[in-house]
Amino acid sequence: FGLEVSRIAATRKMNVVMADVQQDALDRAAAEIRALGAAVLAQRVDVAHAAEVEALGEATRERFGAPHFVFNNAGVGAGGLIWENTAADWAWVLGVNVMGVAHGLRVFTPLMLEAASMDPSYEGHIVNTASMAGLVNPPNMGVYNASKHAVVSISETLYHDLNLVTDQIGASVLCPFFVPTAIGESQRNRPQALAPSEPTRSQLIGRAMNDRAVGSGKVSAADVARFVFDAVEERRFYIYSHPKALGSVQTRLEDVVQA
């Protein structure tokens, strides 16, 4: 999603700040976006680490000033029965999926608010990537579910908090369903200090089911990137890749109301 959003940003003559934990992938992506004519700042960042996101914020401010569009998108996945997940699983997934968003908001929102206070014409928007797993709770993926529910909550709160102080900065949450991306291979970038244990039977089954569901997806990452820009232009909060999947969300919410 990040790469596809960067491609659209470049075609719209935006300056682009790119961050990734995998240096070779970042280098390739940055070269492509520069070739499209965009000015690019590319920095290797592990979003789970506060200091690295803070350094990215400072580099962004020095190079381009306050951003107009922030996309907190980094994500990793781990499955299996919830009691089988190790402490390292929880630390890794929550570190990237939840604290990565928290650090992005903590670092970049103040820059945007400062720009808004100094320029009445300034407009900004923040998009956080959650998941349909942030709105429902499918089995065998509890750590991921928990992280994405947190992102939905953070994003809804951000929306309300921004409305208290400004009408120049909007917020949205992206809740994609099964879309072919590399998140199924996110273990490749897992820190050694949080190395996984041998996978359990439930984790192997979950991985196979996820790979099959993602592989059969008809909506592409490029489609989702277009949905993101459409939502920003419309100042729409919830962004879905598969609106037909909302039936399960409605069922869950009715279960909540009906106790």
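Structure: see above.
Student: How would you summarise the packing of helix 3 (residues 50-64) against helix 5 (residues 99-118) if you had to cite specific residues and measurements?
Tutor: The interhelical angle for the contact between helix 3 and helix 5, taken along N-to-C directions, is 25 degrees, at an axis separation of 9 Å. Comparing their axes, helix 5 and helix 3 come out roughly parallel. For the element pair helix 3 and helix 5, the recorded crossing hand is right-handed. Within the contact between the two elements, helix 3 uses Ala50, Val53, Glu54, Leu56, Gly57, Thr60 and Arg61 and helix 5 uses His103, Gly104, Arg106, Val107, Phe108 and Leu111. Residues of the contact of helix 3 with helix 5, tallied by class, amount to six nonpolar, four polar and three charged.

Student: Can you break down unusual backbone geometry residue by residue, with the values?
Tutor: At Asn140, a residue that is not glycine, the phi angle is positive and equals roughly 70 degrees. Topologically, Asn140 is positioned in the loop between strand 4 (124-129) and helix 6 (142-165).

Student: Quick one: what's the story with the packing of helix 1 (residues 2-11) against helix 8 (residues 221-234), residue by residue and with numbers?
Tutor: When two helices pack together, their arrangement is given by the angle between the helix axes and the distance between those axes. Two elements in contact, helix 1 and helix 8, have axes separated by 8 Å at closest approach and are oriented at 55 degrees. Comparing the axis directions of helix 1 and helix 8 gives the class oblique. Considering the relative orientation of helix 1 and helix 8, their crossing is right-handed. Only Ala221, Ala222, Ala225, Arg226 and Phe229 of helix 8 make contact with helix 1, whose side of the interface consists of Glu4, Val5, Ile8 and Ala9. Of the residues belonging to the contact of helix 1 with helix 8, the class tally is seven nonpolar, no polar and two charged.

Student: Explain the packing of aromatic side chains residue by residue, including any values.
Tutor: Enumeration according to the criterion identifies six aromatic pairs in this entry. Both rings, one in Phe69 and one in Phe71, keep their centres 6.1 Å apart while their planes meet at 20 degrees; by these two values the pair is stacked. Taking the relative accessible area as the measure of exposure, Phe71 reaches 18% and is therefore buried. Relative to Tyr240, the ring of Tyr238 has its centre 6.2 Å away and its plane inclined at 0 degrees; by these criteria the two rings are stacked. Note on Tyr238: relative accessible area 31%, which makes it partly exposed. Ring-pair connections join several aromatic residues into one group, and the members of that group are Tyr159, Phe237, Tyr238 and Tyr240.

Student: Please give an account of helix 2 (residues 23-35) that cites residues and values.
Tutor: Its 13 residues place the ends of helix 2 18 Å apart at the C-alpha level, agreeing with the 18 Å of an ideal helix rising 1.5 Å per residue. Of all the residues in helix 2, the buried ones are Ala25, Leu26, Ala29, Ala30 and Ile33. For helix 2, the angular spread of buried residues about the axis comes to 125 degrees, placing them on one side. What points out from helix 2, more than 90 degrees from its buried face, is the exposed set Arg28 and Ala35. In this structure, the buried side of helix 2 is in contact with helix 1, strand 1 (16-20) and strand 2 (40-44). Once helix 2 ends, the next one or two residues include Gly37, with phi positive near 105 degrees.

About the criteria used
Residues numbered from 1 in each chain as written. Predicted model: local features only at pLDDT ≥ 70, side-chain atom pairs only at ≥ 80, totals over all residues. Heavy atoms only, no water. Axes fitted to C-alpha atoms, helices over the stretch in contact; angles between N-to-C directions. Helix = DSSP H or I, 4+ residues; strand = E, 2+ residues; numbered from the N terminus. Parallel < 35°, antiparallel > 145°, perpendicular 65-115°, else oblique. Left-handed = near helix turned anticlockwise from the far one by under 90°. Contact = heavy atoms within 4.5 Å. Nonpolar A, V, L, I, M, F, W, Y, C, P; charged D, E, K, R; others polar. Phe/Tyr/Trp six-rings, centres within 6.5 Å; stacked < 30°, edge-to-face > 60°. Buried < 20%, exposed > 50% of the residue type's maximum accessible area, 1.4 Å probe, protein only. Expected span 1.5 Å × (residues − 1). Arc of directions from axis to C-beta.

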